[in-house]
Amino acid sequence: MKDKIKNASSIEELQVLYSDTFGKNGTMTAKLKTMATLSNEERAKVNAENAELRGLFKEKQTELENAAINAKLATEYVDVTLDGEQIAHGTLHPLTQSLKELSAILESMGFGLWTGPEIEDDWHNFTALNTPEYHPARDMQDSFFMENGNVMRTQTSSVQIRAMEQVGVPIKMFAIGSTYRKEMDATHSPMFHQIEGLYIDKNVTMSDLIATLRTLLSKFFERDIEIRIRPSYFPFTEPSVEFDMKWGDKWLEMGGAGMVHPNVLKSCKINPDEYQGFAFGFGWDRMAMLKYGLNDIRKFYDGDIRWLKNSGF
Ligand code: PHE
């Protein structure tokens, strides 16, 4: 048995030998069972044999285990010079990207960011904006009304009112956020985004408005942008204009603007004989689509990672 243990070539083989020796029917187990009948001398012999065999098994086991580890170390190793695995990382959504850019530009021009609720009350979305209940502009906007008379805000102009009510004048603020109207096609989504600007002080004029819009658009599109204004109508501005921007050889409609109507200032307890200023509002989605060459507004909200990856981000 001793030679067999010494010559065992694997842990498995050693385990078989061990159970032949010390298992239930093992040779050593049988001898130990007879101890009570043995003389002292014989007992000492069995004990010595028992200890020797156990020692041999232990030794061989350690030897075989070490050999296994060494064999593994010889064949397996980590090549620390290999390239790491590429981890795919996310990018900002085109709207988030353009939001950051537009906010930075407006802030650099002295406009402070304001926010307001997306579920608005009638006062802030319509009445204070010189749009009383009978006013046709309420239909014009195809609003989503709630049962309690509140409305999913149809325009970020509501935030102008909140800002003026809270801090009064002079004020130079902008708001940027979701707006809601019942419309849906390739260039209209029932939820879309607007950017709103307001500047009220003692000497603010229409030319400040034009310069502000031109600077904002030029900085955003990183080139000199030509703009033009056309007479228009909004209940909350007088005079009202729509502004277009030159894009290639076309004029693109960008948004609405004008000098804030005296009634709006009065709604916010501001004296229109002392203070005046401009407001503008336009589609943030549109800006992002133009800048990044995207043609379907609905893609912004599909969450399709393949489209987002290919949209230049
Ligand atoms: N609120 C207008 C719209 O949604 C845009 C606008 C804002 C016009 C501010 C004039 C002044 O169409």
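Bear in mind the structure is a predicted one, so any value in this text is a computation, not a measurement.

Enquirer: So what exactly am I meant to see when it comes to the overall build of the chain here?
Expert: Check the secondary structure of the chain and you find 13 helices and nine strands. The globule rule puts the C-alpha radius of gyration for 313 residues at 20 Å, and the 41 Å found for the chain is more than 25% above it. In the chain, buried positions account for 41% of the 313 residues. Within the chain, contacts between residues separated by at least 24 positions form 62% of all contacts whose residues are at least 6 apart in sequence. A total accessible area of about 18000 Å² is found for the chain, and carbon and sulfur atoms account for 52% of it. Charged side chains in the chain number 35 positive and 45 negative. The centres of these two groups are separated by 6 Å.

Enquirer: Is there a simple way to explain helix α5 (residues 94-108) in this structure?
Expert: An ideal rise of 1.5 Å per residue puts 21 Å on 15 residues; α5 measures up with 21 Å between its terminal C-alpha atoms. One or two positions beyond α5, positive phi appears at Gly110, with a value near 95°.

Enquirer: Looking at this model, I keep getting lost on the pairing of strand β7 (residues 237-247). Mind explaining?
Expert: In the case of a regular strand, side chains alternate between the two sheet surfaces. In this sheet, β7 lies alongside strand β6 (residues 227-234) in antiparallel orientation, the contact comprising seven bridges. When the bridges of β7 are listed, Pro231 appears paired with Val241. Where β6 folds back onto β7 in an antiparallel hairpin, the turn is made up of two residues. Alignment of β7 against strand β8 (residues 250-260), held across nine bridges, turns out to be antiparallel. Along β8, the bridge assignment pairs Val241 with Ala257. The loop that links β7 with its antiparallel partner β8 comprises two residues; one of these, Gly248, has a positive phi angle of about 65°.

Enquirer: I tried to follow the pattern of salt bridges on my own but got confused; where do I start?
Expert: It is possible for side chains bearing opposite charge to pair when their charged atoms get close. All chains considered together, the criterion is met by 13 salt bridges. The residue Glu242 makes a salt bridge to Arg230 at a minimum N-O spacing of 3.9 Å. Taken as a pair, Glu242 in strand β7 and Arg230 in strand β6 lie far apart in primary sequence, twelve residues in all. Overall, Glu242 belongs to the partly exposed group, its relative accessible area being 22%. When its relative accessible area of 24% is taken as the criterion, Arg230 is described as partly exposed. Beyond isolated ion pairs, a larger network of salt bridges with shared partners links Arg228, Arg230, Glu242, Asp244 and Glu253.

Enquirer: What's the story with the packing of aromatic side chains in this structure? I'm lost.
Expert: Aromatic rings considered in pairs are described by the distance between their centres and by the relative angle of their planes. In total, this model carries 14 aromatic pairs according to the counting rule given. Between Phe221 and Trp247 the ring centres are 5.0 Å apart and the planes differ by 65°, which places this aromatic pair in the edge-to-face class. Residue Phe221 is found in helix α9 (residues 206-221), and its partner Trp247 is found in strand β7; the two are separated by 26 residues along the sequence. Residue classification places Trp247 among the partly exposed residues on the basis of a relative accessible area of 23%. Here the aromatic residues Phe111, Tyr199, Phe243, Phe278, Phe280 and Phe282 are joined through ring pairs into a cluster of three or more. In this structure, Lys172 is placed above the aromatic ring of Phe111, and the distance from its NZ or CZ to the ring centre is 5.0 Å.

Enquirer: Explain the environment of Phe278 here, please?
Expert: Examined against the element boundaries, Phe278 turns out to sit in strand β9 (residues 276-283). With 226 residues separating them along the chain, Phe278 and Glu52 place their C-alpha atoms 102 Å apart. With near-sequence residues (within four places) excluded, Phe278 lies in contact with Phe111, Gly197, Leu198, Tyr199, Val204, Thr205, Asp208, Leu209, Thr212, Gly258, Met259 and Val260.

Enquirer: Would you mind going over the site of the ligand with me for this structure?
Expert: Near the ligand, the surroundings consist of 14 residues, among which Gln155, Ser157, Arg181, Gln194 and Glu196 are the closest. One nitrogen or oxygen atom from the side chain of Gln155 is found 2.9 Å from a nitrogen atom belonging to the ligand. In the environment of the ligand, a nitrogen atom lies 3.0 Å from a nitrogen or oxygen atom belonging to the side chain of Ser157. In the complex, 92% of the free accessible area of the ligand, which totals 330 Å², lies under the protein chains. Elements supplying a minimum of two residues to the shell around the ligand: α8 (157-167), β5 (191-201), β8 and β9. The element best represented in the shell around the ligand is β9, accounting for three residues. A per-class count over the shell around the ligand returns five nonpolar, seven polar and two charged.

Calculation notes
- Residues numbered from 1 in each chain as written.
- Predicted model: local features only at pLDDT ≥ 70, side-chain atom pairs only at ≥ 80, totals over all residues.
- Heavy atoms only, no water.
- Helix = DSSP H or I, 4+ residues; strand = E, 2+ residues; numbered from the N terminus.
- Rg over C-alpha atoms; globule rule 2.2 N^0.38 Å.
- Buried < 20%, exposed > 50% of the residue type's maximum accessible area, 1.4 Å probe, protein only.
- Contact = heavy atoms within 4.5 Å.
- Areas by Shrake-Rupley, 256 points an atom, 1.4 Å probe, with all protein chains shown as cover.
- Lys, Arg positive; Asp, Glu negative; His and termini not counted.
- Charge placed at Lys NZ, Arg CZ, Asp CG, Glu CD.
- Expected span 1.5 Å × (residues − 1).
- Pairing = 2+ DSSP bridges.
- Salt bridge = Lys/Arg side-chain N within 4 Å of Asp/Glu carboxyl O.
- Phe/Tyr/Trp six-rings, centres within 6.5 Å; stacked < 30°, edge-to-face > 60°.
- Lys NZ or Arg CZ within 6 Å of the ring centre and 35° of its normal.
- Near = heavy atom within 4 Å.
- Polar contact = N/O pair within 3.5 Å; in protein donor to acceptor, adjacent residues only side chain to side chain.
- Nonpolar A, V, L, I, M, F, W, Y, C, P; charged D, E, K, R; others polar.

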